[in-house]
Amino acid sequence: MFDRGSAADYDAWGDVTGPQYHDAGWNWDGLLPYFKKSTTFTTPSASDAENYDYTYDVEAAYGGNGSVQASYPPFQWPGEKVMRNAWKDLGVPSPKDGAAGDATGVFWLPSSQDPKTQTRSYSRTAHYDGVAHRRNYHLLVGHKVTDLLLGEPSGEEAQHEAQGVRIQPVDGKNISSVAVHSVREVILAAGTIHTPGILQRSGIGPKDVLTAANISMKVELPGVGQNFQDHAMTNLFYNMTTDLPGPTQMFMNQTLIKEARRQYEQERKGPLTLSGGNSGAFLPLSTLTNETTSILSNLSAQLPSTYLPSSAHPAVLEGYAHQLESLVDLFSSKQAAVFEYPIGVGAMIAFLKPLSRGTVNINPQNPTAEPHVNYRTFTNPLDVALTVHGVKIFRRLYATPSAKTLGPVELSPGQAVKTNEDWVRWLKTSISPSFYHPVGTAALGPKSRGGVLGPDLKVHGVQKLRVVDASIMPLIPGTHTSSTVYAVAEKAADLIVQDG
Ligand SMILES: Cc1cc2nc3c(=O)[nH]c(=O)nc-3n(C[C@H](O)[C@H](O)[C@H](O)COP(=O)(O)OP(=O)(O)OC[C@H]3O[C@@H](n4cnc5c(N)ncnc54)[C@H](O)[C@@H]3O)c2cc1C
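These figures come from a predicted structure and were not determined experimentally. (Residues numbered from 1 in each chain as written. Predicted model: local features only at pLDDT ≥ 70, side-chain atom pairs only at ≥ 80, totals over all residues. Heavy atoms only, no water.)

On to the overall build of the protein, then. Each helix and strand in the protein was counted, giving 19 helices and 20 strands. Taking 2.2 N^0.38 as the reference for a compact globule, 500 residues should give roughly 23 Å; the C-alpha atoms of the protein span a radius of gyration of 23 Å, in line with that estimate. Dimensions of the protein, computed from the C-alpha atoms along their principal axes, are close to 70 × 55 × 45 Å. A total of 500 residues make up the protein; the buried ones form 54% of that total. Across the protein, contacts joining residues at least 24 apart in sequence account for 73% of those joining residues at least 6 apart. As displayed, the protein offers around 22,000 Å² of accessible surface, 52% of which is attributable to carbon and sulfur atoms. Within the protein, the 46 negative side-chain charges are centred at a point lying 5 Å from the centre of the 41 positive side-chain charges. (Helix = DSSP H or I, 4+ residues; strand = E, 2+ residues; numbered from the N terminus. Rg over C-alpha atoms; globule rule 2.2 N^0.38 Å. Buried < 20%, exposed > 50% of the residue type's maximum accessible area, 1.4 Å probe, protein only. Contact = heavy atoms within 4.5 Å. Areas by Shrake-Rupley, 256 points an atom, 1.4 Å probe, with all protein chains shown as cover. Lys, Arg positive; Asp, Glu negative; His and termini not counted. Charge placed at Lys NZ, Arg CZ, Asp CG, Glu CD.)

UniProt marks Val145 with the feature "binding site: FAD" (unreviewed entry), using the numbering shown here. When you line up the elements, valine 145 lands in strand β6 (residues 143-150). Relative accessible area serves as the criterion here: at 25%, valine 145 is assigned to the partly exposed category. The contact partners of valine 145, leaving out residues within four places of it in the chain, are Val165, Arg166, Ile167, Ile198 and Arg201. (UniProt positions renumbered as here; feature names shortened; annotations may be inferred.)

What follows covers the UniProt feature "active site" (unreviewed entry) in the protein. Per the UniProt record, "active site" (unreviewed entry) is annotated on His437 and His480. The largest pairwise C-alpha distance within this set of annotated residues, which runs over 44 residues, is 6.7 Å, so the set is compact in three dimensions. Within the fold, histidine 437 resides in the loop between α18 (420-430) and β19 (462-463). When residues no more than four places from it in sequence are discounted, the contact partners of histidine 437 are Gln229, Asp230, His231, Ile476, Thr479, His480 and Thr481.

Now for helix α1 (residues 7-17). In terms of burial, α1 is largely enclosed, as eight of its 11 residues are buried. Among the residues of α1, Ala7, Asp9, Tyr10, Ala12, Trp13, Gly14, Val16 and Thr17 are the ones counted as buried.

Near the ligand there are 16 residues, and of these Met1, Val145, Ala470, Thr481 and Ser482 occur at the shortest range. Alanine 189 is positioned with one of its backbone polar atoms (N or O) 3.4 Å from an oxygen atom of the ligand. A distance of 2.8 Å separates an oxygen atom of the ligand from a polar backbone atom of alanine 470. About the coverage of the ligand: the protein hides 53% of its 990 Å² of free accessible area. (Near = heavy atom within 4 Å. Polar contact = N/O pair within 3.5 Å; in protein donor to acceptor, adjacent residues only side chain to side chain.)

This part covers the environment of glutamine 20. Within the fold, glutamine 20 resides in helix α2 (residues 19-23). In this structure glutamine 20 comes out as exposed when scored by relative accessible area, which is 55%. Considering only alpha carbons, one finds glutamine 20 and asparagine 174, 154 residues apart in sequence, at a separation of 45 Å.

Restricting attention to buried positions, one finds in helix α3 (residues 28-38) the residues Trp28, Gly30, Leu31, Leu32, Tyr34, Phe35 and Ser38. Here the buried face of α3 lies against α1, β1 (39-41), α5 (58-61), β2 (68-70) and α19 (482-498). Its side-chain oxygen 3.3 Å from the backbone nitrogen of aspartate 29, asparagine 27 forms the N-cap of α3.

It is worth spelling out a nonpolar patch on the surface at this point. Taken together, the side chains of Phe237, Val409 and Leu411 present a nonpolar region at the surface, about 290 Å² in accessible area. Within the fold, valine 409 resides in strand β18 (residues 408-412). The exposure class of valine 409 is partly exposed, given its relative accessible area of 39%. (Patch = residues over 30% accessible without salt bridge, like charges linked within 9 Å, V, L, I, M, F, W, Y side chains within 5 Å. Salt bridge = Lys/Arg side-chain N within 4 Å of Asp/Glu carboxyl O.)

The tally for this structure, following the rule as stated, stands at 23 aromatic pairs. Pairing tyrosine 54 with tyrosine 72 gives two aromatic rings, centres 4.6 Å apart and planes at 25 degrees, and the pair type is stacked. Linking tyrosine 54 in the loop between α4 (46-52) and α5 with tyrosine 72 in the loop between β2 and α6 (78-89), this pair joins segments that are 18 residues apart in sequence. Using a relative accessible area of 4% as the deciding quantity, one classes tyrosine 54 as buried. Judged by its relative accessible area of 5%, tyrosine 72 falls in the buried class. Pairing tyrosine 128 with tyrosine 137 gives two aromatic rings, centres 5.7 Å apart and planes at 75 degrees, and the pair type is edge-to-face. Among the aromatic residues, those joined into a cluster by ring pairs are Phe41, Tyr52, Tyr54, Tyr56, Tyr62, Tyr72 and Trp108. Above the ring of tyrosine 264, the side-chain terminus of arginine 268 is found at 4.3 Å from the ring centroid. (Phe/Tyr/Trp six-rings, centres within 6.5 Å; stacked < 30°, edge-to-face > 60°. Lys NZ or Arg CZ within 6 Å of the ring centre and 35° of its normal.)

What follows concerns the side chain of serine 279. Mapped onto the elements of the fold, serine 279 is located in strand β13 (residues 279-283). A polar atom in the side chain of serine 279 sits 2.6 Å from the side chain of glutamate 80. Residue contacts for serine 279: discarding those within four places in its chain leaves Met1, Glu80, Arg84, Phe107, Trp108, Leu109, Pro342 and Ile343.

With that out of the way, let us pick up the pairing of strand β15 (residues 347-351). In terms of burial, β15 is largely enclosed, as five of its five residues are buried. Side chains Ala347, Ile349 and Phe351 project from β15 onto one buried face, and the interleaved Met348 and Ala350 project onto a second face that is buried too. Summarising the sheet, strand β12 (residues 233-240) and β15 pair through four bridges and their orientation is antiparallel. The partner of asparagine 235 across the bridge, within β15, is methionine 348. (Pairing = 2+ DSSP bridges.)

Here we come to empty space enclosed by the protein. Within this structure, the stated rule accounts for four cavities of 30 Å³ or more. Here the largest cavity is characterised by a volume of approximately 260 Å³. For the lining of the largest cavity, the secondary structure elements donating two or more residues are α1 and α15 (314-332). The greatest single-element share of the lining of the largest cavity, amounting to four residues, is contributed by α15. Here the residues of the lining of the largest cavity are counted per class, giving 11 nonpolar, 13 polar and two charged. Composition of the lining of the largest cavity by domain shows at least three residues from each of domain 1 (7-12 + 43-110 + 229-430) and domain 2 (130-223 + 440-498). Quantified by volume, the second largest cavity comes out at close to 120 Å³. Every residue lining the second largest cavity is listed: Phe228, Gln229, Asp230, Ala232, Phe351, Pro354, Ser356, Tyr375, Thr377, Phe378, Asp383 and Pro433. Looking at the lining of the second largest cavity residue by residue, the classes come out as seven nonpolar, three polar and two charged. (1 Å grid on protein atoms, 1.4 Å probe; cavity = no way out; pocket = protein on both sides within 12 Å on 5 of 7 lines; lining within 4 Å. Points joined across faces, edges and corners; volume = space filled by probe spheres on them. Nonpolar A, V, L, I, M, F, W, Y, C, P; charged D, E, K, R; others polar. Domains from an automatic or database assignment.)

And the structure:
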């Protein structure tokens, strides 16, 4: 799924980081041109649009000619329309396009898929294959960066300068490292799980983490590896007693799967052009409960220190206090989704605005090993209470006239789960910490708010070092994260060029 959050989600980035970041374009208006620039959106054929009710708003949401392809596949299962109508039965609006700043309601989301080949469009096809031949571009596989080469402090502010990286083969057999020197600057893009480890192993991070791992501190940056966020998710299970063609029937039937393969291979059509689904309901809190006022007063009363790790530095607490303020606004907004219910993948729910914060720190016993990833899902009890509101809507959804045509029978959690307490117990055992959208561990923001990066994506206190990946997001947006990473990367490219 290749979608975007609401304008409010990105405006919150400017709010939690402060005016300097807002003014540098870390908000919806500043990022929309980069969302557009990164992507080429191809409209579906008129017959596909009519068959499946595909709607989109090219003028408001697209118009760029970037190398990542976005499109709608020439196939949807009939159950998709039934479930979209079920959400409409509940009064959920269906905007033309969720990518133009209001990602709430039930709407279509394109795939990052090449409409000509009906294959995935991703960073390799979009950004590597076309330039791989360049003589000044070397992709070294089978190796990982262990840490940075940092020069001794110099200049007026006595800052360290990034001068390259140390790399090591990943096969585990050969642990000797090689130094690779940079000419202009170092750009870290190892992702939310591995970027903080590279910084921490280089002596850039929270004092307690570095001390525990016996790493000498070069730059104290309390936010590195903190502020870790993801969309927790879970599934209910329903048996649909009415027969409707769907992926399960296809994969269980040799004739159907053979025909689907033939269609895909010969015509680039049919069910194998569809990867999961292309629609979903994205709901603000007000759609799910009439207890918004008490939830918000509960949230406003929370102290930043209560549910963060006890080791959280005062600067991290300060940053989180700003996040809580923004989250009050986001939970109050009718244009900011709090839960996602993807259509086409069963009864799945993802929690888009978690209050709990995790950590990704190096292993103190073995700093070069894989990091310690602590999601800390549901450590803030309000997250559990909110998710109870989110999950209960499935019972209303499957009781709508549209959904009833599928003959749904709830298998899990089952009718024994009735009260809020029952739901809490069930959620605590069924929640999965990740919808594969980790963000936030080297976040934009001033050092005084636990931030790691300046508005130019440069690491505080280090010269010639930037981070460009999902770790830079200070608050997780209410969307699948890849298109936001591409938009951030396009903005980063401009920042790098501006620096000369
Ligand atoms: C299973 C799955 C499904 C997903 N589905 C969707 C979806 O449908 N829609 C969507 O929008 N998003 C989806 N996402 C999320 C999306 O993939 C991420 O948001 C995005 O890839 C993050 O980009 P990134 O550049 O931050 O990190 P990554 O894409 O993880 O890139 C980091 C790169 O750094 C490399 N690396 C790590 N450590 C080192 C090191 N020490 N040295 C050198 N290199 C290193 C890694 O190998 C990797 O290539 C999905 C993610 C997963 C895992």
